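This is what each chain is made of:
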Amino acid sequence: MINTGIILGSGLHKLSENLENSRLIFEDLRGIHVKRVLEGFLFNKKVILFEGRNHIYENPSNPGIYFAVNKALELGLKHLVVTNAAGGLNSNFRVADLMLISSHINFYSKFLQTKGYRVNYDRKYIYKLSLLALKENIKLHTGTYLASPGPFYETMKEIKLFKKIGADSVGMSTIPELYTSSKNKIKITGISCITNILNPDIKGEISHLEVLEAGKKAFKNLSQIIKIILSQNDN
Ligand code: HPA
């Protein structure tokens, strides 16, 4: 029985290269991002990896937005680790830092099909993971993820606003998966990989390449965090 699935955000697919005895169990080549589901072993634990997503900005009514959670349900997974590439709003954050999502600000609730449900952030579990990371000397922040519908990166004024209302990271994914998982009683762990720093006083264009490069840089820390998460699950 496989317990844990990991949804890999932009630039974080490198984790799949470390999957041992890997087997492709699903592939969908349609859309901007190719979607794949792989089965294999990470740190001697059997896991499912999900690559690629449909985003709200492609088509908010596309059921493909929920593809990973639907597959997780089909496979009977109990825990989904949902990772994303995100801009860093907290001034303590640096490129390639990781942040456990302990809350969120949802700027696209009108697109979601999960009215009446909440995301189950497990505060005790988040605290436990933070302590375990600290013990292993792995840099791991905790904070609030802001979900922007995209597809554009933020303007200077939006950055200013988002910082003011208490967001620590901003991205264009994850929230549909967190809601649908919680609705279906799948345990969730959300992780932002900070791929660029958003500063309202510094003008600069963010490139998708920069986002992908930072994801690669965060790989070592991310795999260490995944190791800790898997050690806590009974796979
Ligand atoms: N904003 C929104 N989404 C993102 C960013 C960003 O700065 N970086 C990576 N995904």
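Before any of the text, the structure's been laid out above.
If you're wondering where the values come from, they're calculated on a predicted model, not measured in any experiment.

Our focus in this paragraph is the overall build of the chain. Counting its regular elements, the chain contains 7 helices and 9 strands. By the compact-globule yardstick of 18 Å for 235 residues, the chain fits well, its C-alpha radius of gyration being 17 Å. For the chain, the spread of C-alpha atoms along the principal axes amounts to about 50 × 45 × 35 Å. As displayed, the chain offers around 11,600 Å² of accessible surface, 51% of which is attributable to carbon and sulfur atoms. Charged side chains in the chain number 31 positive and 20 negative. The centres of these two groups are separated by 6 Å.

Moving on, we get to the environment of Val82. Relative to the assigned elements, Val82 resides in strand E5 (residues 79-88). Sequence separation between Val82 and Thr189 is 107 residues; the distance between their C-alpha atoms is 6.1 Å. Beyond its immediate sequence surroundings of up to four residues, Val82 is in contact with Ile7, Arg53, Thr174, Glu177, Leu178, Thr189, Gly190 and Ile191.

The next thing to look at is the side chain of Ser223. Tracing the sequence through the fold places Ser223 in helix H7 (residues 219-232). Among the polar contacts listed, one links the side chain of Ser223 to the backbone oxygen of Lys220, at a separation of 3.0 Å. In this structure, Ser223 is in contact with Leu15 and Phe43, ignoring residues within four places of it in sequence.

Within this structure, the stated rule accounts for 3 aromatic pairs. Arranged with centres 5.6 Å apart and planes meeting at 75°, the rings of Phe107 and Phe162 form a pair that is edge-to-face. Pair noted here: Phe107 is in the loop between strand E6 (98-106) and helix H3 (123-135) and Phe162 is in helix H4 (residues 156-164), with a separation of 55 residues, a long-range link. Relative accessible area serves as the criterion here: at 38%, Phe107 is assigned to the partly exposed category. The ring of Phe219 has Lys14 sitting right over it, with the charged end atom 5.2 Å from the ring centre. Lys187 extends its terminal NZ or CZ atom over the ring of Tyr125, reaching a point 3.6 Å from the ring centre.

All right, on to the site of the ligand then. Taken together, 13 residues are adjacent to the ligand, and Ala85, Gly87, Glu154, Thr195 and Asn196 come closest. Ala85 places a main-chain nitrogen or oxygen 3.3 Å from a nitrogen atom of the ligand. Here a nitrogen atom of the ligand sits 2.7 Å away from a polar atom, N or O, in the side chain of Glu154. Here the ligand has 260 Å² of accessible area as a free molecule, and 96% of this is covered by the chains. Of the residues in the shell around the ligand, the class split is 8 nonpolar, 4 polar and 1 charged.

A few words now on the pattern of salt bridges. Pairing is possible between side chains of opposite charge, provided their charged atoms come close. Under the criterion given, the structure shown has 10 salt bridges. For Lys139, the salt bridge identified is with Asp97, shortest N-O distance 3.2 Å. Remark: Asp97 occurs in the loop between E5 and E6 and Lys139 occurs in the loop between H3 and strand E7 (141-147); sequence separation between them is 42 residues. On the basis of relative accessibility, which here comes to 40%, the residue Lys139 falls in the partly exposed class. A relative accessible area of 7% places Asp97 in the buried class. Three or more residues joined by partner-sharing salt bridges are found here, namely Glu27, Arg36 and Glu51.

Quick look at the environment of Ile32 now. Here Ile32 shows up in the loop between strand E2 (20-28) and strand E3 (35-42). On the basis of relative accessible area, Ile32 is assigned to the exposed category, the value being 59%. Along the sequence, Ile32 and Phe67 sit 35 residues apart, while their C-alpha atoms lie 14 Å from each other. Not counting chain neighbours up to four residues away, the residues in contact with Ile32 comprise Tyr57 and Glu58.

About the thresholds
- Residues numbered from 1 in each chain as written.
- Predicted model: local features only at pLDDT ≥ 70, side-chain atom pairs only at ≥ 80, totals over all residues.
- Heavy atoms only, no water.
- Helix = DSSP H or I, 4+ residues; strand = E, 2+ residues; numbered from the N terminus.
- Rg over C-alpha atoms; globule rule 2.2 N^0.38 Å.
- Areas by Shrake-Rupley, 256 points an atom, 1.4 Å probe, with all protein chains shown as cover.
- Lys, Arg positive; Asp, Glu negative; His and termini not counted.
- Charge placed at Lys NZ, Arg CZ, Asp CG, Glu CD.
- Contact = heavy atoms within 4.5 Å.
- Polar contact = N/O pair within 3.5 Å; in protein donor to acceptor, adjacent residues only side chain to side chain.
- Phe/Tyr/Trp six-rings, centres within 6.5 Å; stacked < 30°, edge-to-face > 60°.
- Buried < 20%, exposed > 50% of the residue type's maximum accessible area, 1.4 Å probe, protein only.
- Lys NZ or Arg CZ within 6 Å of the ring centre and 35° of its normal.
- Near = heavy atom within 4 Å.
- Nonpolar A, V, L, I, M, F, W, Y, C, P; charged D, E, K, R; others polar.
- Salt bridge = Lys/Arg side-chain N within 4 Å of Asp/Glu carboxyl O.

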